[in-house]
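Residues per chain are reported as follows:
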Amino acid sequence: MPDIDDKAVIDARYREDGYLFLKGLLPVDAVAAARARMSAPLVARGLARIEGDQVYWTGGDAPSLADDDASFQGVCQTLFAWPGVLAAFERLLGERMSVIPMVQYRAYRPGGPLGRVHQDGFFSPGIQGYRPLWIPLAPIDAAVGGLAVAAGLTGKGYFHLTDMPPAFDIPADCVPDTAWLSADYVPGDVLVIHPETPHVGLPNRSDRVRLSLDTRIQSAANPSVLIGEIQAMDMETVTLRCEDGSPRTLRIDASSYLRTAYPLSRRMTPEEFVAETPAGLLVLASCQGDTALMVRRAQPG
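Presented here is a report on the structure given in the accompanying data block. Note that the structure is predicted; figures quoted are calculated from it, not measured.

**What about the pairing of strand E2 (residues 48–51)?**
Piece 1. Bridge analysis of E2 against strand E3 (residues 54–57) gives four bridges, and the strand direction is antiparallel. Bridge assignment links Ala 48 to a residue of E3, and that residue is Trp 57.
Piece 2. Taking the residues between adjacent antiparallel strands as the criterion, E2 and E3 are bridged by two residues, where Gly 52 takes a positive phi near 65 degrees.

Here it is in structure tokens:
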């Protein structure tokens, strides 16, 4: 990997390869603090035990905790509040950054299936300006699974089948077998995934928990995603109260990707959006001019 401070080279590599694998970017102590906080509810419920930096599954056939389990709240904040973490990501962006409240926690027990191949940008149009991050919180080797990315496919569009809702699957023959890459990951590593890059979570065939989190960062000065609470909405517009308190009204139409109800990948019609979305909900929005490309429920971490 080139010098992270050489922004032109790093950005070119990101565009061409579709990912950045940053070994040892984060302080190990910061990751350890986040791991301790995320594994605590698993241990308290008898689902896991900790030995050093490893988290072993002890829950038998019981399900693990869901990605959005309330007991995980604050883990991402613990990580980003640690000295040196913000500075590391600002080196990556080359400017002051902000954390987008879009966090998923993964505590995957052994025996899980192969994940679903997907491209983040398909489900969140207009997000090209931010950086999706996958952060392992414990060692993840080939047995635990980890994440695989299909390199070199940026600029080729989205492979999802638009006529197959709600999953919009990617046909298997769209991604060459030779494009897939994975690695052994250790605490401190960060994988940055381009919105157009197909990627998938690998099966966990070990006796450990695959512990990781996903989040996103963007430029603080030139954000690509608006963050705000819904003040009002109808079939054609949605008005947000943005973080600075100012209102912003966006047009919505059949092309807007609306995803505020669970499951969060489900694309809603404007009628469903109005009927199922409560006022005051914290959302993220990308837009082109005054037209919303995407409105999705925020997931604070």
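There is more to say, and it comes next.
**Things to note about the sheet that holds strand E4 (residues 97–108)**
Piece 1. One open sheet accounts for five strands, arranged E1-E8-E5-E10-E4; its pairing is antiparallel. The open sheet is flanked by strand E1 (19–22) and E4, the only strands paired with a single partner. Sheet twist, expressed as the mean angle between neighbouring strand axes with direction ignored, is 20 degrees.
Piece 2. Of the strand pairs in this sheet, strand E5 (residues 131–136) and strand E8 (residues 190–193) are connected by two bridges, and their pairing is antiparallel. Its bridge partner lying in E8, Trp 134 is registered against Leu 191.

**Quick look at the packing of aromatic side chains**
Piece 1. Enumeration over the complete set of coordinates arrives at nine aromatic pairs.
Piece 2. Measuring from centroid to centroid gives 6.2 Å for Phe 122 and Tyr 158, while their planes differ by 70 degrees, and the two rings are edge-to-face. A residue pair is termed long-range when its members are at least 10 positions apart, and Phe 122 in helix H5 (residues 120–123) and Tyr 158 in the loop between strand E6 (147–150) and strand E7 (180–181) qualify at 36 residues.
Piece 3. Ring geometry for Trp 134 against Tyr 185: centres 4.8 Å apart, planes inclined by 70 degrees, an arrangement best described as edge-to-face.

**Thoughts on the layout of surface pockets**
Piece 1. Volume-wise, the largest pocket comes out at about 1000 Å³.
Piece 2. Taken together, 41 residues form the lining of the largest pocket, with Asp 67, Gln 104, Arg 106, Tyr 108 and His 118 sitting closest to its centre.
Piece 3. Examining the composition of the lining of the largest pocket, we find that five residues originate from one element, E4, more than from any other.
Piece 4. The residue inventory of the lining of the largest pocket, partitioned by class, reads 20 nonpolar, 10 polar and 11 charged.
Piece 5. When its volume is computed, the second largest pocket comes out at roughly 190 Å³.
Piece 6. Lining the second largest pocket are 14 residues, and of these Pro 223, Leu 226, Ile 227, Cys 242 and Glu 243 lie nearest its centre.
Piece 7. Contributing elements (two or more residues each) for the lining of the second largest pocket: strand E10 (210–219), strand E11 (226–233) and strand E13 (247–251).
Piece 8. Residues belonging to the lining of the second largest pocket are distributed by class as follows: seven nonpolar, four polar and three charged.

**Some words on the pattern of salt bridges**
Piece 1. Considering all chains together, one arrives at 15 salt bridges under this definition.
Piece 2. Of the charged contacts in the structure, one is a salt bridge between Asp 11 and Lys 7, with a shortest N-O distance of 2.8 Å. A residue pair is termed a helical-turn pair when its members lie 3 or 4 positions apart in one helix, as Asp 11 and Lys 7 do in helix H1 (residues 7–17) at four residues.
Piece 3. For Lys 7, a relative accessible area of 33% translates into the label partly exposed.
Piece 4. Across the pair Asp 141 and Arg 208 runs a salt bridge, and its minimum N-O distance is 3.2 Å. Here the residue Asp 141 occupies a position in the loop between E5 and E6, and Arg 208 occupies one in the loop between strand E9 (199–201) and E10, the gap between them amounting to 67 residues.
Piece 5. Overall, the relative accessible area of 25% leaves Asp 141 in the partly exposed class.
Piece 6. According to the relative accessible area criterion, Arg 208 is buried, its value standing at 11%.

**Describing the side chain of Ser 219**
Piece 1. Relative to the helices and strands, Ser 219 is located in strand E10.
Piece 2. The class of Ser 219 is buried, set by a relative accessible area of 7%.
Piece 3. Of the polar contacts made by the side chain of Ser 219, one reaches the side chain of Glu 95; its length is 2.7 Å.
Piece 4. Within the structure, the side chain of Ser 219 is placed 2.9 Å from the backbone nitrogen of Asn 222, a separation counted as a polar contact.
Piece 5. Sequence-distant contacts of Ser 219, defined by excluding residues within four places in its chain, comprise Leu 93, Glu 95, Arg 96 and Ser 98.

**Notes on the side chain of Arg 296**
Piece 1. Following the sequence through the fold, Arg 296 ends up in strand E16 (residues 291–297).
Piece 2. Of the side chains bearing the opposite charge, Asp 120 lies closest to the buried Arg 296, which forms no salt bridge; the N-O distance is 7.7 Å.
Piece 3. At 2.4 Å, the side chain of Arg 296 forms a polar contact with the side chain of Gln 299.
Piece 4. Here Arg 296 is in contact with Met 102, Gln 104, Ser 124, Arg 259, Thr 260, Leu 264, Val 283 and Leu 284, once residues within four sequence places are set aside.

What counts, and at which threshold
- Residues numbered from 1 in each chain as written.
- Predicted model: local features only at pLDDT ≥ 70, side-chain atom pairs only at ≥ 80, totals over all residues.
- Heavy atoms only, no water.
- Pairing = 2+ DSSP bridges.
- Helix = DSSP H or I, 4+ residues; strand = E, 2+ residues; numbered from the N terminus.
- Axes fitted to C-alpha atoms, helices over the stretch in contact; angles between N-to-C directions.
- Phe/Tyr/Trp six-rings, centres within 6.5 Å; stacked < 30°, edge-to-face > 60°.
- 1 Å grid on protein atoms, 1.4 Å probe; cavity = no way out; pocket = protein on both sides within 12 Å on 5 of 7 lines; lining within 4 Å.
- Points joined across faces, edges and corners; volume = space filled by probe spheres on them.
- Nonpolar A, V, L, I, M, F, W, Y, C, P; charged D, E, K, R; others polar.
- Salt bridge = Lys/Arg side-chain N within 4 Å of Asp/Glu carboxyl O.
- Buried < 20%, exposed > 50% of the residue type's maximum accessible area, 1.4 Å probe, protein only.
- Polar contact = N/O pair within 3.5 Å; in protein donor to acceptor, adjacent residues only side chain to side chain.
- Contact = heavy atoms within 4.5 Å.
- Lys, Arg positive; Asp, Glu negative; His and termini not counted.

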